[in-house]
Amino acid sequence: MENVVGGSKTYLAAVELGASTDTYDALGEITERGDTSGITPGDVERAVSAFAGEIQQVPPMYSALKRDGKRLYDLARAGVEVEREPRSVVVHDIALKDWAPPVATLQVDCGKGFYMRSLAYDLGQALGCGGHLKTLARLRSGIFTVSDALSLDEAEERFADGSWREVIHSPDAVLGEMRALIVGNRLEEMIRNGRAFTEGGTSSQAQSGERCRVYTTDGRFLAIVIFDAELRQWRPDKVFALNYAEPIGVF
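Rules used in this analysis
Residues numbered from 1 in each chain as written. Predicted model: local features only at pLDDT ≥ 70, side-chain atom pairs only at ≥ 80, totals over all residues. Heavy atoms only, no water. Helix = DSSP H or I, 4+ residues; strand = E, 2+ residues; numbered from the N terminus. Rg over C-alpha atoms; globule rule 2.2 N^0.38 Å. Buried < 20%, exposed > 50% of the residue type's maximum accessible area, 1.4 Å probe, protein only. Contact = heavy atoms within 4.5 Å. Areas by Shrake-Rupley, 256 points an atom, 1.4 Å probe, with all protein chains shown as cover. Lys, Arg positive; Asp, Glu negative; His and termini not counted. Charge placed at Lys NZ, Arg CZ, Asp CG, Glu CD. Phe/Tyr/Trp six-rings, centres within 6.5 Å; stacked < 30°, edge-to-face > 60°. Core = buried A, V, L, I, M, F, W, Y, C linked by side-chain atoms within 4.5 Å. Pairing = 2+ DSSP bridges. Axes fitted to C-alpha atoms, helices over the stretch in contact; angles between N-to-C directions.

- An unreviewed UniProt entry annotates the chain as tRNA pseudouridine(55) synthase of Geodia barretti.

Structure (structure tokens):
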């Protein structure tokens, strides 16, 4: 669901300074080298601080973005490099966690569309020595953290002993930023059948394109609806099955 993958994320990244690569990571061919002997932790911290907030970032050539219908990574593999327009991205927080020359370990809280490989490359350019992403770990995606994650073996054990209900998330767990609507039987039936509807109080306050989560009067999560400003109606965007034998959720 886009509400999971499109949320903010936290990464722990090791950036190796002194060498840039064509892929901006350790798998690529080295394109330039630089001297890191004079770089101090203070230098790295000052350079890193420039990447906080809303910034302009150029995506790497080796990415899934498209140009004229072709993936950039396909063009790159064919030896073609094209100019990429900078994109606005948001870095909520960025910090130097360790400096073991020539590797700087960074923790980054960022929004959708942020490329950690571009950050590594840009940091190397800012320090005048080049750089690439050596390793990367995602610590958080939206409300989900790696510390709460289960291994496959642990998940199998939970299913075997029936304790999986203790660790599962309802699908609406990632929708906390949306307003909630509660509907009765008549509107529930309309939503289940994909029909648009008007809900007095919320329709008068809704903005065009606004999305809301919908619940039945007995608290079951029913759907995500989107507001059509022209018709002044809510229309179903995603409708969730309610008549399943076992709860369905996300670990």
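### A look at the overall build of the chain
And step 1. Of the regular secondary structure elements, the chain holds seven helices and 14 strands.
And step 2. Rg of the C-alpha trace for the chain: 23 Å, well past the compact-globule value of 18 Å for 251 residues, more than 25% over.
And step 3. Overall size of the chain, expressed as C-alpha extent along the three principal axes, is 70 × 50 × 35 Å.
And step 4. Out of the 251 residues belonging to the chain, those deemed buried represent 39%.
And step 5. Put simply, 65% of the contacts in the chain that link residues at least 6 apart link residues at least 24 apart.
And step 6. If you sum the accessible surface of the chain, you get close to 14,100 Å²; carbon and sulfur atoms cover 48% of it.
And step 7. Counting 28 positive and 37 negative side-chain charges, the chain places the averaged centre of each group 6 Å from the other.

### Re the environment of Val82
And step 1. With respect to the helices, strands and loops of the structure, Val82 is situated in the loop between α3 (72–77) and β7 (87–100).
And step 2. Overall, the relative accessible area of 17% leaves Val82 in the buried class.
And step 3. Val82 sits 86 residues away from Ile168 along the chain, and the two C-alpha atoms are 44 Å apart.
And step 4. The contacts of Val82, once residues within four sequence positions are left out, are Met61, Arg67, Leu72 and Leu75.

### Some details on the packing of aromatic side chains
And step 1. Here the structure, examined in full by the defined rule, presents five aromatic pairs.
And step 2. Consider the rings of Phe159 and Trp164, whose centres lie 5.5 Å apart with planes at 25°: the pair is stacked.
And step 3. Residue Phe159 is classed as partly exposed on the basis of its relative accessible area of 47%.
And step 4. Since its relative accessible area comes to 8%, Trp164 is described here as buried.
And step 5. One aromatic cluster is present, formed by Tyr215, Phe221 and Phe240 through successive ring pairs.

### Details of the nonpolar core
And step 1. Residues Leu106, Val108, Phe114 and Leu123 are the most contacted members of the largest nonpolar core, which totals 27 residues.
And step 2. Taken together, the elements giving at least two residues each to this core come down to β1 (9–17), α2 (41–49), β7, β8 (103–110) and α4 (116–126).
And step 3. Looking at this core, the element that brings in the most residues is β7, giving five residues.
And step 4. Excluding residues that lie within four positions of it along the chain, Val108 makes contacts with Lys9, Thr10, Tyr11, Val91, Asp93, Ile94, Phe114, Met116 and Leu119.
And step 5. Formed by 14 residues, the second largest nonpolar core is a distinct cluster that contains Leu181, Met190, Phe197 and Val214.

### Some thoughts on the sheet that holds strand β14 (residues 233–239)
And step 1. The strand order across the open sheet built from four strands is β11-β12-β13-β14, with neighbouring strands paired in mixed fashion. The strands lining the two open edges of the sheet, one partner per strand, are β11 (179–183) and β14. Averaged over all pairs of adjacent strands, the angle between strand axes in this sheet comes to 40°, irrespective of strand direction.
And step 2. Judged from the six bridges that link them, strand β13 (residues 221–228) and β14 form a sheet pairing that is antiparallel. Counterpart to Ile224 in the pairing with β14 is Lys238.

### Some words on the sheet that holds strand β4 (residues 53–57)
And step 1. The sheet built from six strands is open, its strands ordered β4-β7-β8-β1-β9-β10 with antiparallel pairing. This sheet does not close on itself; its edge strands, each paired only once, are β4 and β10 (144–145).
And step 2. Here strand β9 (residues 131–141) pairs with β10 via two bridges, running antiparallel. Considered in β10, the bridge of Ser141 is made with Phe144.
And step 3. Packed on one face of the sheet, α2 meets β7 and β8 and runs near 170° to β7.

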